Amino acid sequence: DTANGGDIAYRSEQNGEWSTVAYVTDTPRATRSPAVAATDTKLLAAWEYVDADIDDGTEPADVHADTEIAYALYNGNSWSEATVLTNSGGRALQPTVARDGNGWLLAWEQDSNPDPGAGSRSVRYVPVAADGTTGEIQRITVAAHPAAGPHPDDGAMLGYATLATA
């Protein structure tokens, strides 16, 4: 029920035992599509965040321009407040994260036109430092479906699909 929001929840497993459910977010706004990655001491969670009021009559296309990427850090005891990374006027979706040294690589798909299927799609990515600060957002044009993963040299890798152009 998107009208009632939805929070990002998690459970952790240690020695075969799962923890009780805990929450990264507590918001009346819609959140979805979480991704998480760890360093030696911290976690980064990223997700889609709908920065608009939604009611039972709201159609998905009505909020495409308000779908952004948010993230938070876990320091071993608690989660930071969420940071809304994007404010794009388009649809930001499919976040993916991977460890990158002592920080993370955070990537997502960006659709610059909020009308479903009509936009110019690209992949965006940004380094996130261990303290939660970000570098400059980079753009890969005519691309979609990003997937971040660790690189053997303690860096990160970013895969994505290239799209045909008309």
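In what follows, the structure referred to is the one given above.
Cut-off values and rules
Residues numbered from 1 in each chain as written. Predicted model: local features only at pLDDT ≥ 70, side-chain atom pairs only at ≥ 80, totals over all residues. Heavy atoms only, no water. Core = buried A, V, L, I, M, F, W, Y, C linked by side-chain atoms within 4.5 Å. Buried < 20%, exposed > 50% of the residue type's maximum accessible area, 1.4 Å probe, protein only. Helix = DSSP H or I, 4+ residues; strand = E, 2+ residues; numbered from the N terminus. Contact = heavy atoms within 4.5 Å. Pairing = 2+ DSSP bridges. Axes fitted to C-alpha atoms, helices over the stretch in contact; angles between N-to-C directions.

Asker: Can you help me understand the nonpolar core in this one?
Answerer: Grouped burial of nonpolar side chains is what soluble globular proteins tend to show. Ranked by size, the top nonpolar core spans 15 residues in total, and within it Leu44, Tyr71, Val97, Leu106, Trp108 and Val128 carry the most contacts. Counting only elements with at least two residues in this core, the list comes to strand E5 (31-38), strand E6 (43-50), strand E7 (67-74), strand E9 (91-100), strand E10 (103-111) and strand E11 (121-128). If near-sequence neighbours (up to four positions away) are discounted, leucine 106 is found in contact with Ala46, Ile69, Tyr71, Leu85, Pro95, Thr96, Val97, Arg124, Tyr125, Val126 and Val128. Membership of the second largest hydrophobic core comes to nine residues, among which are Val24, Ala45, Trp47 and Tyr49.

Asker: Looking at this structure, I do not really get the sheet that holds E10. What am I missing?
Answerer: By definition, the strands of a sheet pair up through backbone hydrogen bonds, in either a parallel or an antiparallel sense. The strand order across the open sheet built from four strands is E9-E10-E11-E12, with neighbouring strands paired in antiparallel fashion. Edge positions in the sheet fall to E9 and strand E12 (138-141), since each has one partner strand and no second. This sheet shows a mean twist of 20 degrees between the axes of neighbouring strands, independent of strand direction. Here eight bridges tie E10 to E11, and the two strands are oriented antiparallel to one another. Its bridge partner being in E11, aspartate 111 is matched across the sheet by arginine 121.

Asker: Even after reading the chapter, I still don't get the pairing of strand E13 (residues 143-150), so can you show me in this structure?
Answerer: Note on strand geometry: in a regular strand, side chains alternate between the two faces of the sheet. By the bridge criterion, six bridges tie E13 to strand E14 (residues 156-162) in an arrangement that is antiparallel. Directly across from alanine 148, in E14, lies its bridge partner leucine 158.

Asker: What exactly am I supposed to notice about unusual backbone geometry here?
Answerer: Note on backbone geometry: most residues besides glycine have negative phi, and most peptide bonds are trans. Phi is positive for serine 33, which is not a glycine, with a value near 55 degrees. Within the secondary structure, serine 33 sits in strand E5. If you check the backbone angles, aspartate 154 has positive phi at about 75 degrees while not being a glycine. Summarising the element assignment, aspartate 154 is placed in the loop between E13 and E14. In this structure aspartate 154 comes out as partly exposed when scored by relative accessible area, which is 42%.

Structural measurements only, silent on function.
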